[in-house]
Amino acid sequence: MLKVAGRPMGHVLPVNMHVLTSLILLLMASLIIFFRLRATKKPTSVKKIILPPLGMSTGFLMFLYPPTHIPLSWAIIAFLAGAVFLSIPLIQTSKFQVIDNQIYLKRSRAFIVILIALLIIRLSLHTYIEQHISIFQTAGLFFILAFGMLLPWRLAMYYQYKQIEKKRLREPVQS
């Protein structure tokens, strides 16, 4: 077991740490919702679609730290769970529209509801799982789960964007 300051680090965080991590997670979720709503007011681009998974992929460097190591089978299951169960609702609620010959992300109330539901599911799973494995392994597992959710969602957005862009370029601009 990992020791911090000479004390064994248990599998469960103290209650005050749960509160702190939950508050940070709620803050991050609120920021995501805020940025998502703001994104619907400006035209989107390929860059805005592909940068989040590229930026997030640097998080895989955490696995250079040995306490974060998890079995490959766990990583595959976490990625697939994110890709299959979590990305599909996001893909279904992320649609584009053309306004003034520019491509915009459509605002969707369902998207916000889904984000909140995913947050609740994530918090519940996180609390349960960290009782059985170390906090570092839990962090690694949930990072892979989140990446498994983000990558297919953004790839689907990219594909949809390119389809709309192709169609938009073929059609003459309407006055």
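Throughout this document, residue positions are counted from 1 along each chain, in the order its sequence is written. In keeping with the model being predicted, local features are shown solely for residues with a pLDDT of at least 70 and side-chain atom pairs are shown and tallied solely at 80 or more, while totals for entire chains, interfaces and linings include all residues. Note that the side-chain values use all heavy atoms of the structure and ignore hydrogens as well as water.

To continue, consider the overall build of the protein chain. Secondary structure counts use DSSP, requiring at least four H or I residues in a row for a helix and at least two E residues in a row for a strand, with both numbered from the N terminus. Along the protein chain, the regular secondary structure elements total five helices and four strands. Starting at the N terminus and walking to the C terminus, you meet the elements of the protein chain as β-β-α-α-α-β-β-α-α. Summary of the burial criterion: residues with accessible area below 20% of their type's maximum are buried, those above 50% are exposed, and those between are partly exposed, where the area comes from a 1.4 Å probe applied to protein chains only. Expressed as a percentage of the 175 residues in the protein chain, the buried residues total 33%. Here, residues are in contact when the closest pair of their heavy atoms is within 4.5 Å. Taking all contacts inside the protein chain whose residues are at least 6 apart in sequence as the whole, residues at least 24 apart take part in 78%. In the structure as shown, the protein chain presents an accessible area of about 11300 Å², 70% of it carried by carbon and sulfur atoms. Computed with the Shrake-Rupley method and a 1.4 Å probe, the accessible areas treat only the protein chains shown as cover for residues.

Moving on, we come to a nonpolar patch on the surface. Patches here are clusters of residues that have more than 30% relative accessible area and form no salt bridge, with a 9 Å joining cutoff for like charges and a 5 Å cutoff for nonpolar side chains (Val, Leu, Ile, Met, Phe, Trp, Tyr). Here, a salt bridge means any side-chain nitrogen of Lys or Arg that lies within 4 Å of a carboxyl oxygen of Asp or Glu. Judged by side-chain polarity, Leu 72, Ile 76, Leu 80, Val 84, Phe 85 and Ile 88 come together as a nonpolar surface patch covering roughly 610 Å² of accessible area. Its place among the elements puts Val 84 in helix α3 (residues 72-93). We classify Val 84 as partly exposed; its relative accessible area is 42%.

Here the focus is the pattern of salt bridges. What the rule picks out here adds up to one salt bridge. Here Glu 165 and Lys 162 are joined by a salt bridge, their closest N and O atoms 3.1 Å apart. Taken together, the residues Glu 165 and Lys 162, both in helix α5 (residues 135-170) and three residues apart, mark about one turn of the helix. The exposure class of Glu 165 is buried, given its relative accessible area of 17%.

Next up on the list: the pairing of strand β3 (residues 96-99). Here the rule is simple: two strands pair whenever DSSP picks up at least two bridges between them. Pairing analysis gives four bridges linking β3 to strand β4 (residues 102-105), with the strands arranged antiparallel. When the sheet's bridge partners are listed, Phe 96 is paired in β4 with Leu 105. Here β3 folds back onto β4, and the loop between the two strands holds two residues, one of which, Asp 100, carries a positive phi near 50°.

Our next topic: the confidence of the model for the protein chain. Chain-level pLDDT for the protein chain is 85 on average; 88% of the residues reach the 70-or-more range. For the protein chain, the element scoring lowest by mean pLDDT is strand β1 (residues 3-4), at 46; helix α2 (residues 46-57) scores highest, at 95. Predictor confidence is given residue by residue as pLDDT, running from a minimum of 0 to a maximum of 100.

A few words on the nonpolar core. Ile 70, Leu 90, Phe 96, Leu 118, Ile 144, Trp 153 and Met 157 are the most contacted members of the largest nonpolar core, which totals 28 residues. Elements with a contribution of two residues or more to this core: α3, β4, α4 (109-129) and α5. Among the elements that take part in this core, α5 stands out by supplying eleven residues, more than any other. Setting aside chain neighbours within four positions, we find Ile 144 in contact with Phe 60, Phe 63, Ile 70, Ala 75, Ala 78 and Phe 79. Nine residue types can take part in a nonpolar core, namely buried Ala, Val, Leu, Ile, Met, Phe, Trp, Tyr and Cys, and a core is a set of them joined through side-chain atoms within 4.5 Å.

Attention now goes to α3. Residue count minus one, scaled by 1.5 Å, sets the expected span of a helix. The terminal C-alpha atoms of α3 lie 31 Å apart, and with 22 residues this matches the ideal 32 Å at 1.5 Å per residue to within 8%. The largest bend in α3 amounts to roughly 50° and is located at Ser 87, with the proline Pro 89 lying one to four residues further along. Within α3 the residues assigned to the buried category are Ala 75, Ala 78, Gly 82, Ala 83, Leu 86, Ser 87, Leu 90 and Thr 93. Throughout, bend refers to the angle between the axes fitted to the seven residues that end at a position and the seven residues that start at it.

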